[in-house]
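Per-entry structural report
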Amino acid sequence: MAHVLMSEQACFINFAYGSNMSSLRLRARTPSARPIGIAQLAGHRLMWHKAGRDGSAKCDAFATGDARDVVWGVLYRIDLVERPQLDLAEGLGQGYDHKTVSVRAAAGWVSAGLYQATHIDSNLQPFDWYLAYVLRGAQEHGLPDSYLQQLAGVSAVVDVDGERRAMNLARLS
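Residues numbered from 1 in each chain as written. Predicted model: local features only at pLDDT ≥ 70, side-chain atom pairs only at ≥ 80, totals over all residues. Heavy atoms only, no water.

1. Focus on the layout of surface pockets
Of the pockets and cavities examined, the largest pocket occupies roughly 380 Å³. Forming the walls of the largest pocket are 23 residues, and the residues nearest its centre are R25, R29, K58, A89 and Y130. Listed by contribution, the elements that provide at least two residues to the lining of the largest pocket are β1 (11-16), α2 (23-29), β4 (57-63), α3 (83-90), α4 (128-140) and α6 (162-172). With three residues, the top contributor of residues to the lining of the largest pocket is β1. Residues that form the lining of the largest pocket fall into these classes: nine nonpolar, six polar and eight charged. (1 Å grid on protein atoms, 1.4 Å probe; cavity = no way out; pocket = protein on both sides within 12 Å on 5 of 7 lines; lining within 4 Å. Points joined across faces, edges and corners; volume = space filled by probe spheres on them. Helix = DSSP H or I, 4+ residues; strand = E, 2+ residues; numbered from the N terminus. Nonpolar A, V, L, I, M, F, W, Y, C, P; charged D, E, K, R; others polar.)

2. Let's talk about the packing of aromatic side chains
For the structure shown, the criterion picks out six aromatic pairs. A centroid spacing of 6.2 Å and a plane angle of 90 degrees characterise the contact between W48 and Y130, whose relative ring orientation is edge-to-face. In this pair, W48 sits in strand β3 (residues 44-51) while Y130 sits in helix α4, placing the two residues 82 residues apart along the sequence. Like Y130, W48 is buried. Ring geometry for F127 and W129: centres 6.1 Å apart, planes at 35 degrees, overall tilted. Each member of the pair, F127 together with W129, is buried. Three or more aromatic residues joined by ring pairs make a cluster, and in this case those are W48, F127, W129, Y130 and Y133. Its guanidinium or amino end placed over the ring of F12, R83 lies 5.5 Å from that ring's centre, counting from NZ or CZ. (Phe/Tyr/Trp six-rings, centres within 6.5 Å; stacked < 30°, edge-to-face > 60°. Buried < 20%, exposed > 50% of the residue type's maximum accessible area, 1.4 Å probe, protein only. Lys NZ or Arg CZ within 6 Å of the ring centre and 35° of its normal.)

3. Here we look at the pattern of salt bridges
A complete count under the given rule lists seven salt bridges for this structure. Two residues, K58 and D54, come together in a salt bridge whose shortest N-O distance is 2.9 Å. A residue is classified by how much of its surface remains accessible, and K58, at 10% relative accessible area, is buried. For D54, a relative accessible area of 23% corresponds to the partly exposed category. R83 is the partner of D87 in a salt bridge, and the nearest nitrogen-oxygen pair spans 3.1 Å. (Salt bridge = Lys/Arg side-chain N within 4 Å of Asp/Glu carboxyl O.)

4. Brief notes about the pairing of β3
Pairing of β3 with β4 involves six bridges; the strand directions are antiparallel. Its bridge partner lying in β4, A51 is registered against A57. Taken together, β3 and the strand that follows it, β4, pair antiparallel across an intervening segment of five residues, in which G55 is found at a positive phi of about 85 degrees. (Pairing = 2+ DSSP bridges.)

Okay, structure coming up:
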């Protein structure tokens, strides 16, 4: 019994709204990640303006303060010992900051962490493989059709680094 309680205390809840919605993508970064449901973050809009280290756009849950703006995402329970791995993969302090938000899930309100962009460049577009991760995660977890259509309408560019593109597309296969 003590082991179970200790295990539950040694986890954190992450609200994934970009490529980390894909279980495949997130488990490559944090193997303990387990989805616990979908949720909505009000007062935020999904933007594709976070300047990635690879020169492309990544997702951002941009705070608008307008309750009509909603970002859908997936809640994951992750072992706390893997938090540094996720911080590194997300570029904590070098493109994203971490903040705690309250999201609405089927079971009610949940406090979760998310990564919010600090380096913004609205002139960038996402790579096609990055968008594919986002779409895969949204489909995998059954986000609303209207949101899936919104994601599918995002304009993406082909990654000029053919090796990186092939590697990421192969992971999605």
